[in-house]
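Okay, here's what each chain looks like letter by letter:
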Amino acid sequence: LAQRLAQLPACTPPCSFDLVLCIRFLERAFLPLAACLLRPGGHILYSTFLDLPGTRAFGRPQGERLLQPGELASSFFGPQQGFEVLRDEVVMTADGRELCAFVARKL
């Protein structure tokens, strides 16, 4: 997937999506494209597994497939990238794994 994303043409405005939704999937190469796809005022909703004790104890996902706490706001969808973070919380699955609950609006 990362190789295919690298082959896509650069995303240039105007981008017209009001919402990008990603659930339980992490491919960091996609995140800059996701940001570019949103129009000003559009939202990104993201929920995936975090690199925290419950997820590590469960055993999967693991490694690069785990998001670091605060990573979306600090590296991809925070104020420095032109977003307003509306929610960045940790929620638990029924089996004890930690997920991020992240929502940001593109300024």
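Because the structure is predicted, anything quoted here is derived from the model rather than measured. (Residues numbered from 1 in each chain as written. Predicted model: local features only at pLDDT ≥ 70, side-chain atom pairs only at ≥ 80, totals over all residues. Heavy atoms only, no water.)

**Student:** Help me out: how do you make sense of a nonpolar patch on the surface in this one?
**Tutor:** A surface patch of nonpolar side chains, about 300 Å² in accessible area, is lined by L19, L21 and I23. Relative to the assigned elements, I23 resides in strand β1 (residues 17–23). (Patch = residues over 30% accessible without salt bridge, like charges linked within 9 Å, V, L, I, M, F, W, Y side chains within 5 Å. Areas by Shrake-Rupley, 256 points an atom, 1.4 Å probe, with all protein chains shown as cover. Salt bridge = Lys/Arg side-chain N within 4 Å of Asp/Glu carboxyl O. Helix = DSSP H or I, 4+ residues; strand = E, 2+ residues; numbered from the N terminus.)

**Student:** What am I meant to see in the pairing of strand β3 (residues 83–92) here?
**Tutor:** Along any regular strand, the residues point their side chains to alternate faces of the sheet. Pairing analysis gives nine bridges linking β3 to strand β4 (residues 98–106), with the strands arranged antiparallel. Note that in β4 the partner of F83 across the bridge is K106. A loop of five residues connects β3 with β4, the two strands running antiparallel in sequence, and G96 in this loop sits at a positive phi of about 95°. (Pairing = 2+ DSSP bridges.)

**Student:** How do you make sense of the sheet that holds strand β2 (residues 38–47) when you look at a structure like this?
**Tutor:** The strands that make up a sheet pair up through hydrogen bonds in the backbone, lying either parallel or antiparallel. Across the sheet, which stays open at both edges, the four strands sit in the order β1-β2-β4-β3 with mixed pairing between neighbours. Each of the sheet's edge strands pairs with one partner strand only, and the pair in question is β1 and β3. Direction aside, neighbouring strands of the sheet carry axes that sit 10° apart on average. (Axes fitted to C-alpha atoms, helices over the stretch in contact; angles between N-to-C directions.)

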